[in-house]
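Single-letter residue listing:
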Amino acid sequence: MKTFKILISGDKACFTRPEMKAERVSYDVPTPGAIEGLLKSVYWKPAIRYMIDKIIIFNPIEFMSVRRNEVKSKIAYNKMKKQMLESKVDMDNIVTDPRVYVDKERTQRASLILKNVKYGIEFHMEQTGIQCEREKKECNPQVKHEQEFQRRCEKGQWFRMPCLGCSEFPADIKLVEDFELSEVSKENMGEHDLGFMLYKVVFKDKGHPIKNDWNNKMFSDEAESVFYRPKMIDGIIDVQQYRGTKVC
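Residues numbered from 1 in each chain as written. Predicted model: local features only at pLDDT ≥ 70, side-chain atom pairs only at ≥ 80, totals over all residues. Heavy atoms only, no water.

(A) Structural context of the overall build of the protein chain. The helix and strand tally for the protein chain stands at five helices and 11 strands. Expressed as a percentage of contacts within the protein chain between residues at least 6 apart in sequence, the contacts between residues at least 24 apart total 76%. Accessible surface, the protein chain as shown: approximately 15,300 Å² in total, 50% of it carbon and sulfur. (Helix = DSSP H or I, 4+ residues; strand = E, 2+ residues; numbered from the N terminus. Contact = heavy atoms within 4.5 Å. Areas by Shrake-Rupley, 256 points an atom, 1.4 Å probe, with all protein chains shown as cover.)

(B) Summary view of the packing of aromatic side chains. Scanning the model with the defined rule gives nine aromatic pairs in all. Seen in terms of ring centroids, tyrosine 228 and tyrosine 242 are 5.7 Å apart; in terms of plane orientation they differ by 75 degrees. Their pairing is edge-to-face. Of this pair, tyrosine 228 sits in strand 9 (residues 223-228) while tyrosine 242 is found in the segment after strand 11 (236-237), placing the two residues 14 residues apart along the sequence. For the pair tyrosine 228 and tyrosine 242, one class covers both residues: buried. Among the aromatic residues, those joined into a cluster by ring pairs are Phe4, Tyr50, Phe123 and Phe149. Across the ring face of phenylalanine 196, the terminal group of arginine 229 is positioned such that the distance to the ring centre comes to 5.0 Å. (Phe/Tyr/Trp six-rings, centres within 6.5 Å; stacked < 30°, edge-to-face > 60°. Buried < 20%, exposed > 50% of the residue type's maximum accessible area, 1.4 Å probe, protein only. Lys NZ or Arg CZ within 6 Å of the ring centre and 35° of its normal.)

(C) Examining the pattern of salt bridges more closely. Within this structure, the stated rule accounts for 14 salt bridges. Where arginine 24 meets glutamate 70, a salt bridge forms, and the shortest distance between an N and an O atom there is 3.3 Å. With arginine 24 in strand 2 (residues 24-25) and glutamate 70 in strand 4 (residues 63-71), the pair connects residues that are 46 residues apart, well separated along the chain. Taking relative accessible area as the criterion, arginine 24 reaches 30% and is therefore assigned partly exposed. The residue aspartate 97 makes a salt bridge to arginine 99 at a minimum N-O spacing of 2.9 Å. The class for arginine 99 is exposed, based on a relative accessible area of 56%. Put simply, Arg24, Arg68, Glu70, Arg109 and Glu168 are held in one network by salt bridges that share partners. (Salt bridge = Lys/Arg side-chain N within 4 Å of Asp/Glu carboxyl O.)

(D) Geometry of the environment of aspartate 178. Turning to its location among the elements, aspartate 178 is positioned in the loop between strand 6 (172-175) and strand 7 (191-193). For aspartate 178, a relative accessible area of 52% translates into the label exposed. Separated by 56 residues in the primary sequence, aspartate 178 and glutamate 122 have C-alpha atoms spaced 9.5 Å apart. Polar side-chain contacts of aspartate 178 include one of 3.0 Å to the side chain of lysine 5. (Polar contact = N/O pair within 3.5 Å; in protein donor to acceptor, adjacent residues only side chain to side chain.)

(E) Region of interest: the nonpolar core. Formed by 44 residues in total, the largest nonpolar core has its most connected members in Ile8, Leu39, Ile121, Phe123, Phe149 and Leu164. At the level of secondary structure, the elements contributing two or more residues to this core comprise strand 1 (3-13), helix 1 (32-42), strand 3 (48-57), strand 5 (106-127), helix 5 (141-155), strand 8 (197-203) and strand 9. Ranked by the residues each element gives to this core, the list is headed by strand 5, at seven residues. Setting aside residues up to four positions removed in sequence, leucine 39 forms contacts with Ile6, Tyr50, Ile52, Phe123 and Phe149. Counting residues in each nonpolar core, the second largest holds six residues, with Leu7, Phe58, Phe179 and Val184 among its members. (Core = buried A, V, L, I, M, F, W, Y, C linked by side-chain atoms within 4.5 Å.)

(F) Highlighting unusual backbone geometry. Its identity as a non-glycine residue notwithstanding, asparagine 116 has a phi of 50 degrees, on the positive side. According to the relative accessible area criterion, asparagine 116 is partly exposed, its value standing at 44%. One non-glycine residue, aspartate 234, adopts positive backbone phi at about 55 degrees. Residue position: aspartate 234 is located in the loop between strand 10 (231-233) and strand 11.

(G) Fine view of the environment of glutamate 126. Along the chain, glutamate 126 turns up in strand 5. By relative accessible area, which is 29% here, glutamate 126 ends up partly exposed. As for glutamate 126 and isoleucine 48, which are separated by 78 residues in sequence, their C-alpha atoms are 5.5 Å apart. Every residue in contact with glutamate 126, bar those within four places of it in the chain, is listed here: Ala47, Ile48, Arg49, Met51 and Gln142. Polar contacts involving the side chain of glutamate 126 include one to the side chain of histidine 124, which spans 3.3 Å.

Here it is as structure tokens:
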């Protein structure tokens, strides 16, 4: 099992607190779930999962307030399904319109976001148990996934733009051998209790098919939010020590 270390930086970031409904308010630091999503933008397969071990906060935690135009509703699944059924019957007689019109649904909201962020992420990959027939024949498929992730990072490749919480805040990713902890800001030194934070949103089946039937892989779509209470010590959040102590 290989341990990866990457540097992530960006002009702006927003790791939204779920308790804030109308307005976006960012956590002081990224959540492990947000970092996993960023890594999956670079490389992801059902056979692997990313396990975040450490998050290092290099720059001072600074906020800024912005106002943005957002769409207040989303396309309804039921309308999409109904339109598809209507199209099968008669393509020239489709009644349902699932589209969301921006002019009618636009709203302006305030957001409290982070600025000038730089994070060091230490993580590793684990196998989920889901493998295609080709992977079953390979002696060590995890090595292949690790090499592919490293290759894509070195070449700056991704299939979806990596972002810092919101899609409009792109992230720059750099693979490194080690972190320069001397670059951690003085403001981040000492012990900081970050309070209760979202760890990530997890599926209740934890990646296992219904009735643990791997021959007929049917997975649950039910998910729940898991929280934890981390401490930042000298700019470092040791995520792995909280992995088995999530509070809810």
